[in-house]
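# Coordinate analysis (summary)
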Amino acid sequence: MPRKRPFSAKRKKQQLRDRRERKRGDAPPGTGSHSESRECDSDAATSETGDPPARRHDPGRFRLQLGTARAEELARRRRQAQEELLETLPESTLELEPDSVYGPGLDFPRRPAWSFAMSPEELRAREEAAFGAFLRALRDGGDTVPFEHNLETWRQLWRVLEMSDVILLITDARHPALSVPPALATHVTRDLGKGLILILNKVDLTSPAVATAWSHLLRHRFPSARVVPFSSAPRRSPTAGLQRRQRRAGGWSRAVGPRQLLEACESIVEGEVDLSSWRARLEKAEQQEEDEEEEEEAEEVEDKDEEGEENGAAGAPRQWERYRHGVLTLGCVGLPNAGKSSVLNALLGRSAVSVSRAPGRTRYFQTHFLTPSVRLCDCPGLVFPSHAPPALQVLAGVYPISQLQEPYSAVGYLAARLPLPSLLQLRPPSATSGWTAWDICEAWAEKRGYKTAKAARNDVYRAANSILRLAADGRLRLCLRPPGYTAQKDVWEQHPDTAALAALQERGDPETPGEGATSEEEEEGADSEEGAEPGDSTRPSGHAYNPFALLCEDEC
């Protein structure tokens with residue numbers, strides 16, 4: 001075995017510096033200590049054969065590329081968070097008009113016309129030219145919030161739209177107006193002529209009345225689309241405030257919405273594809289839920305059947321046709337962190353696709369066979385051009401919280417709509433008569449013990465990120481309402497669809513967490529430090545539930 005060469009700290013720093021330059025595009029790929037030999041070999045091969053070297057794989061070509069604000073704007077927001085006192089806004093301010101998010105004429109990048117007769121280089125050049133023209137036109141048309149600038153990610157969306165027969169647009173029930181780009185819905189239904197199903201995901205994080213109101217609004221705005229409520233981890237009585245989110249291990253059969261999704265697909269397919277195997281699969285899952293003793297044995301048999309279906313599936317055809325080979329392809333698209341991978345796992349009944357709280361976990365599309373006649377396709381999340389408030393993007397989990405340079409304005413946006421000081425049980429500032437966004441972050445840092453490394457001051461930046469993660473994860477529930485909901489609140493609460501949705505969640509939610517219940521903080525150790533609560537104490541029987549006292553002193 002050859003002896004390892006010494007690797008100094010100076011050489012390591014240079015290697016990291018070269019890697020950052022390659023990611024930013026300042027240096028051509030191939031520079032650096034580890035790639036010098038490969039670069040020499042490729043140059044030698046080029047000189048001998050006369051052909052250009054092969055295109056090397058770039059591991060960072062699928063990363064999120066979202067723009068950032070200017071330094072002057074960031075400084076202004078920081079001063080505003082430190083000086084401006086927060087005022088509690090009325091309930092009507094929670095109403096969000098969809099036209100204010102995606103204004104008229106706001107489009108998304110489209111794939112130019114192509115054919116199999118084109119060479120890969122010609123097609124790549126045409127796509128890059130069309131994408132560049134779109135960016136220039138959008139830049140000249142007006143200001144938009146940061147959106148996806150990575151062409152490779154848009155190529156993944158184009159591929160999924162082409163190969164799918166029915167598009168599942170995954171939306172977050174807390175803010176569907178942000179999750180449903182009208183240009184994408186119109187392109188699917190009119191230009192492509194394909195079926196569209198709006199999955200109102202995470203209905204357990206909002207009230208049934210609000211979810212019902214959003215469902216009716218989406219049906220009115222998109223008459224050709226079906227709206228299906230969905231939840232991979234149903235909860236019985238969602239309440240406002242900071243609370244734990246627990247998921248029962250192996251409880252995918254308790255998901256809310258798979259049967260409604262099957263019925264929507266049957267209405268679109270109209271018998272052209274045999275979906276009896278999907279219905280038999282759902283009935284089998286319901287039977288497993290009723291018979292808890294045979295649950296583990298049944299899941300093992302099901303996994304074996306699924307592996308056989310995937311291995312025996314036909315290869316990908318070159319020409320995509322509607323229901324080719326009698327297979328229905330469902331493409332899951334939507335914004336980052338909308339729950340596309342969670343929906344796919346809930347339908348499959350197992351953890352086939354990795355999920356994460358941070359957006360951008362899914363880098364490229366991947367397919368899984370639900371049954372021999374139903375195929376699921378998971379697409380990376382994309383941030384579409386919009387006029388949404390930047391703070392709303394952060395709270396929705398669309399923008400990576402770890403990359404924020406100024407998180408305090410998003411905390412102020414949240415504090416103006418939720419009583420954060422009382423929910424987090426923060427001590428009021430002594431010198432001022434009110435709260436600022438900076439005061440809330442500093443009080444939360446003092447409560448949780450977040451300190452800087454050198455000066456041991458309150459780490460306000462870390463505290464702000466912790467609060468934003470709680471909101472993006474659904475533990476601080478900020479649920480926006482459709483226009484006119486406040487005036488018709490009683491009507492929506494007494495609507496028959498609201499009672500039906502509540503009964504559906506009641507049937508999907510288990511009576512007790514059970515011994516197999518695990519918290520998400522334990523499953524994802526990377527975020528356990530940011531807002532996780534040690535221990536899982538139970539509330540004594542006979543005590544009234546207080547949503548404003550969920551963080552006790554012993555839990556901090």
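Above this note sits the structure.
Summary of the structure given here. Here the structure is a predicted model, which means the values were calculated and not measured. (Residues numbered from 1 in each chain as written. Predicted model: local features only at pLDDT ≥ 70, side-chain atom pairs only at ≥ 80, totals over all residues. Heavy atoms only, no water.)

### A word on the overall build of the protein chain
When helices and strands are tallied, the protein chain shows 21 helices and 8 strands. Classification of the 556 residues of the protein chain by burial places 47% in the buried group. The contacts of the protein chain with a sequence gap of at least 6 include a subset with a gap of at least 24, amounting to 75%. Within the structure as shown, the protein chain displays about 28,600 Å² of accessible surface, and the carbon and sulfur contribution to it stands at 49%. (Helix = DSSP H or I, 4+ residues; strand = E, 2+ residues; numbered from the N terminus. Buried < 20%, exposed > 50% of the residue type's maximum accessible area, 1.4 Å probe, protein only. Contact = heavy atoms within 4.5 Å. Areas by Shrake-Rupley, 256 points an atom, 1.4 Å probe, with all protein chains shown as cover.)

### Let's talk about the packing of aromatic side chains
Inspection of every chain in the model, using the stated rule, returns 5 aromatic pairs. Pairing Trp114 with Phe116 gives two aromatic rings, centres 5.1 Å apart and planes at 70 degrees, and the pair type is edge-to-face. Accessibility expressed as a relative area gives 37% for Phe116, which makes it partly exposed. Ring geometry for Trp154 and Phe384: centres 5.3 Å apart, planes at 85 degrees, overall edge-to-face. (Phe/Tyr/Trp six-rings, centres within 6.5 Å; stacked < 30°, edge-to-face > 60°.)

### Some details on the nonpolar core
Leu157, Leu178, Leu198, Phe384, Leu414, Leu420 and Ile467 are the most contacted members of the largest nonpolar core, which totals 93 residues. In terms of residue count, the dominant contributor to this core is helix H18 (residues 460-473) (8 residues). Here Phe384 is in contact with Tyr102, Phe108, Phe147, Trp154, Leu157, Pro181, Leu184 and Leu335, once residues within four sequence places are set aside. Counting 32 residues, the second largest nonpolar core, distinct from the first, contains Ile199, Ala264, Val273 and Leu376. (Core = buried A, V, L, I, M, F, W, Y, C linked by side-chain atoms within 4.5 Å.)

### Brief notes about the environment of Leu424
Along the polypeptide, Leu424 turns up in the loop between helix H16 (420-423) and helix H17 (437-448). Owing to a relative accessible area of 0%, Leu424 belongs among the buried residues under this scheme. Residues Leu424 and Leu476, 52 residues apart in the sequence, show an inter-C-alpha distance of 9.7 Å.

### A short note on the side chain of Asp172
For Asp172, the position within the fold is in strand S1 (residues 166-172). With a relative accessible area of 1%, Asp172 lands in the buried category. Looking at Asp172, its side chain comes within polar contact range of the side chain of Arg174, at 2.9 Å. If sequence neighbours within four positions are ignored, Asp172 has contacts with Ser179, Asn201 and Lys202. (Polar contact = N/O pair within 3.5 Å; in protein donor to acceptor, adjacent residues only side chain to side chain.)

### Describing the sheet that holds S1
Overall, mixed pairing links the 6 strands, which are arranged S3-S2-S1-S5-S7-S6 in an open sheet. Looking at the sheet topology across the chains shown, the edges are occupied by strand S3 (226-229) and strand S6 (366-371). Taking each pair of neighbouring strands and ignoring which way they run, the sheet shows an average axis angle of 25 degrees. In this fold helix H9 (residues 208-221) packs onto strand S2 (195-201) and S3, with an angle of close to 165 degrees to the strand it touches most, S2. Contacting S1, S2, strand S5 (328-334), S6 and strand S7 (374-378), helix H13 (residues 340-348) runs over the sheet at an angle of about 155 degrees to S7. (Pairing = 2+ DSSP bridges. Axes fitted to C-alpha atoms, helices over the stretch in contact; angles between N-to-C directions.)

### Considerations on H18
Across its 14 residues, H18 extends 20 Å between first and last C-alpha, which sits within 8% of the 20 Å expected from 1.5 Å per residue. Along H18, 11 of the 14 residues are buried, which leaves the element largely enclosed by surrounding structure. Along H18, the residues classified as buried are Val460, Ala463, Ala464, Asn465, Ser466, Ile467, Leu468, Leu470, Ala471, Ala472 and Asp473. Where H18 ends, the next residue or the one after it, Gly474, has phi of about 95 degrees, a positive value. (Expected span 1.5 Å × (residues − 1).)

### A look at a positive patch on the surface
Taken together, the side chains of Lys12, Arg19, Arg22 and Lys23 present a region of like positive charge at the surface. Owing to a relative accessible area of 32%, Arg22 belongs among the partly exposed residues under this scheme. (Patch = residues over 30% accessible without salt bridge, like charges linked within 9 Å, V, L, I, M, F, W, Y side chains within 5 Å. Salt bridge = Lys/Arg side-chain N within 4 Å of Asp/Glu carboxyl O. Lys, Arg positive; Asp, Glu negative; His and termini not counted. Charge placed at Lys NZ, Arg CZ, Asp CG, Glu CD.)

### Details of the environment of Val374
One can find Val374 in strand S7. Along the backbone, Val374 and Ser277 are 97 residues apart, and their C-alpha atoms lie at a distance of 8.7 Å. Apart from the residues lying within four places of it in its own chain, the contact partners of Val374 are Leu275, Trp278, Val327, Leu328, Leu330, His368 and Phe369.

### Concerning the packing of H17 against H18
Running from N to C, H17 and H18 point in directions that differ by 95 degrees, and their axes come no closer than 8 Å. Taken together, the axes of H17 and H18 lie roughly perpendicular to each other. Of the residues in H18, those in contact with Trp438, Ile440, Cys441, Glu442, Trp444 and Ala445 of H17 are Val460, Ala463, Ala464, Ser466, Ile467 and Leu470. Split by residue class, the contact of H17 with H18 holds 10 nonpolar, 1 polar and 1 charged. (Parallel < 35°, antiparallel > 145°, perpendicular 65-115°, else oblique. Nonpolar A, V, L, I, M, F, W, Y, C, P; charged D, E, K, R; others polar.)

### Regarding the pairing of S6
Of the pairings in the sheet, the one linking S6 to S7 comprises 5 bridges and is antiparallel in character. Bridging across to S7, Thr371 finds its partner in Val374. Counting the residues that bridge the hairpin from S6 to S7 gives 2 residues.

### Quick look at the pairing of S1
Extensive coverage of S1 is indicated by the burial of 7 of its 7 residues. With burial as the criterion, each face of S1 is covered, one bearing Val166, Leu168, Ile170 and Asp172 and the other bearing Ile167, Leu169 and Thr171. In this structure, S1 lies alongside S2, joined through 7 bridges in parallel fashion. From the neighbouring strand, Val166 faces S2, where its bridge partner is Gly195. Relative to S5, S1 runs parallel, the two sharing 5 bridges. Its bridge partner being in S5, Ile167 is matched across the sheet by Gly331.

### Brief notes about unusual backbone geometry
Even without being glycine, Tyr323 reaches a positive phi, approximately 55 degrees. Among the secondary structure elements, Tyr323 is positioned in the loop between helix H12 (295-311) and S5. The exposure class of Tyr323 is buried, given its relative accessible area of 7%. Although it is not a glycine, Asn337 sits at a positive phi angle of roughly 65 degrees. Within the secondary structure, Asn337 sits in the loop between S5 and H13.

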